[in-house]
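Here is what each chain is made of, one letter per residue.
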Amino acid sequence: MRWVFFLLILVQVVQAQGCRLLGPLSPLRPVEQVLVYPNFSSLIAGGEQKPGEVLPPGEQVTIETPDRQKLDGRYFAHPAPQAVVLYCHGNAGTVDQWSVLAARLSRQHRLTILVFDYRGYGRSTGIPHERGILIDATAARDWLAKQNQIAPEEVVLMGRSLGGAVAVDLAANGGARGLILESTFPSLPDVARQHAAWLLPEWNMTQRLNSAEKLKQYQGPLLQSHGNEDQLIPLALGEKLFEAAPGPKQFVVVHGASHVDDHIHLCAAERELFFRSLPVPQPKNIIDGRLP
C-alpha cells in the first residue's frame, strides 16, 4: 500500500503546482513541442534574396555543443566589422532562410555575424527543448568569440521572437556588448495566456523561457522593437519585457507591422545608431586593465 500513499502525494503536488512539475512526462509536453518548436519552413519576411540583390557570401560551419550535438550555421565575416553579432532566429524556418537576413545585416551595418540552427532544426542534430537550445546558443557564441579572438561578452546578441528569449538568456548569464530584440516576449506562459488561458499555462507549461526575470540581470544597452499589429505576441507583452531591463534602453514601435514583418528593413536607422553607440570592446588578453 506504500505506493498508493506516494501516488496520492504526487497527485496532490501536481494539483498544487500543475503539470509543469512532471517535466518531460507532462501530458501537455507533446503539444508544447509542436507549438514552440515547429521547425516548419514557412515564408520568412525578408528571407528570400531579391532579383539583382548582391549579398555577402556566407560560410557553412558546424558547431559542436558540450553534449555532442552538431549545429548547422552560416558565418558572414566582414573585413572591417564595427561589431561581431550572434543572430538567434525564431521558431520557424532554418538557416537556409535566415541566412539571407543575416547577410543583409552584415552588409547594412558592417557586421561579422553568425546565424545558427537550434538542435533538431534543419541539418542540426538532436531534439529541441528549452535547456537544449540555450546550450546551443552558448556554444554558438563561444565559437564566434573564438573565431574573432574576442571575449564572449563582447559579442552583440540579436534575437527575434523565440530567439529573443535565447538572446536574453545569454546576455543575463554571460553579458553582452549589446542586445537587440525583435518581436519577443516576457515568458512563454505569457504568450500562451493570450491564446489559451483555459489551459492555465502558468501552472502547466514545461517550457518557460522567462525572459522578463532574466533580463533584470543584464545591465548593458538594449534596443527592442515590436510591431503594433502583432497578433501572436501583442505589443503589450513586448512592453512588459522592456520594463524589466535596468540598463540603457530604447523601445521602437513599428507601426503597422505584424509578427512576421521584416524589422531588418524597418528598423535599419535605429539599429545603425545603436551599433555606433556601443562601448569599444576590450582586447581579449586584457583583464581589468592588466595583461594576464
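Our structure's up above, just so we're on the same page.
Read on for a plain summary of the structure. Fair warning: this is a prediction, and the values are worked out from it, not measured in the lab.

Here the focus is the environment of V168. Position of V168 relative to the elements: it lies in helix α5 (residues 162-174). When the C-alpha atoms of V168 and K214 are compared, they prove to be 6.9 Å apart, with 46 residues separating the residues in sequence. The contacts of V168, once residues within four sequence positions are left out, are L179, L181, S211, K214 and L215.

Quick look at the nonpolar core now. Across soluble globular proteins, you tend to see nonpolar side chains buried next to one another. Counting 51 residues, the largest nonpolar core has L86, L157, L162 and L179 as the members making the most contacts within it. Not counting the four nearest positions on each side in its chain, L86 is found in contact with L114, F116, A137, A140, R141, L144, V155, V156, L157, M158 and L170.

As summarised here, the arrangement of the eight strands in space is β1-β2-β4-β3-β5-β6-β7-β8, forming an open sheet in which the pairing is mixed. Edge positions in the sheet fall to β1 (59-64) and β8 (249-254), since each has one partner strand and no second. On average, each strand axis in the sheet is tilted by 20° relative to the strand beside it, whichever way the strands run. Bridge count for strand β2 (residues 70-76) against strand β4 (residues 111-116) is four bridges, and the pairing is antiparallel. By the bridge assignment for β4, G73 is matched with F116. Running over the sheet, α5 touches β3 (83-88), β5 (156-160) and β6 (178-182) and is turned about 150° from β5. Sitting on the sheet, helix α9 (residues 235-243) is in contact with β6, β7 (222-227) and β8, with an inclination near 175° to β8.

The next subject is the packing of aromatic side chains. What the rule picks out here adds up to six aromatic pairs. Both rings, one in Y75 and one in W143, keep their centres 5.2 Å apart while their planes meet at 85°; by these two values the pair is edge-to-face. Taken together, the residues Y75 in strand β2 and W143 in helix α4 (residues 130-148) connect sequence positions 68 residues apart. Judged by its relative accessible area of 21%, W143 falls in the partly exposed class. Relative to F275, the ring of F274 has its centre 6.3 Å away and its plane inclined at 70°; by these criteria the two rings are edge-to-face. We note that F274, like F275, is buried. Feature note: the residues F116, Y118 and Y121 constitute an aromatic cluster, connected by ring pairs. If you follow K249 out to its NZ or CZ, it ends over the ring of F242, 4.6 Å from the centre.

Quick look at α5 now. The end-to-end C-alpha distance of α5, which contains 13 residues, comes to 19 Å, matching closely the 18 Å that a straight helix rising 1.5 Å per residue would cover. In terms of burial, α5 is a largely internal element, eleven of the 13 residues being buried. If you check which residues of α5 are buried, you get L162, G163, G164, A165, V166, A167, V168, D169, L170, A171 and A172. G175, located one to two residues past α5, shows a positive phi value of around 80°.

Counting buried residues along β2, six of its seven residues qualify, which places the element largely inside the surrounding structure. Linking β1 back to β2 in an antiparallel pair, the connection comprises five residues, with R68 at a positive phi of about 70°.

The relative placement of two packed helices is expressed as an angle between their axes plus a distance between the axes. Where helix α3 (residues 95-109) contacts helix α11 (residues 268-277), the axes come no closer than 11 Å and their chain directions differ by 60°. Here α3 is positioned oblique relative to α11, judged by the angle of their axes. Between α3 and α11 lies a crossing of right-handed hand. In contact with L105, Q108 and H109 of α3, α11 contributes A268, R271, E272 and F275. Residue composition of the contact of α3 with α11, grouped by class: three nonpolar, two polar and two charged.

Rules and cut-offs
- Residues numbered from 1 in each chain as written.
- Predicted model: local features only at pLDDT ≥ 70, side-chain atom pairs only at ≥ 80, totals over all residues.
- Heavy atoms only, no water.
- Helix = DSSP H or I, 4+ residues; strand = E, 2+ residues; numbered from the N terminus.
- Contact = heavy atoms within 4.5 Å.
- Core = buried A, V, L, I, M, F, W, Y, C linked by side-chain atoms within 4.5 Å.
- Buried < 20%, exposed > 50% of the residue type's maximum accessible area, 1.4 Å probe, protein only.
- Pairing = 2+ DSSP bridges.
- Axes fitted to C-alpha atoms, helices over the stretch in contact; angles between N-to-C directions.
- Phe/Tyr/Trp six-rings, centres within 6.5 Å; stacked < 30°, edge-to-face > 60°.
- Lys NZ or Arg CZ within 6 Å of the ring centre and 35° of its normal.
- Expected span 1.5 Å × (residues − 1).
- Parallel < 35°, antiparallel > 145°, perpendicular 65-115°, else oblique.
- Left-handed = near helix turned anticlockwise from the far one by under 90°.
- Nonpolar A, V, L, I, M, F, W, Y, C, P; charged D, E, K, R; others polar.

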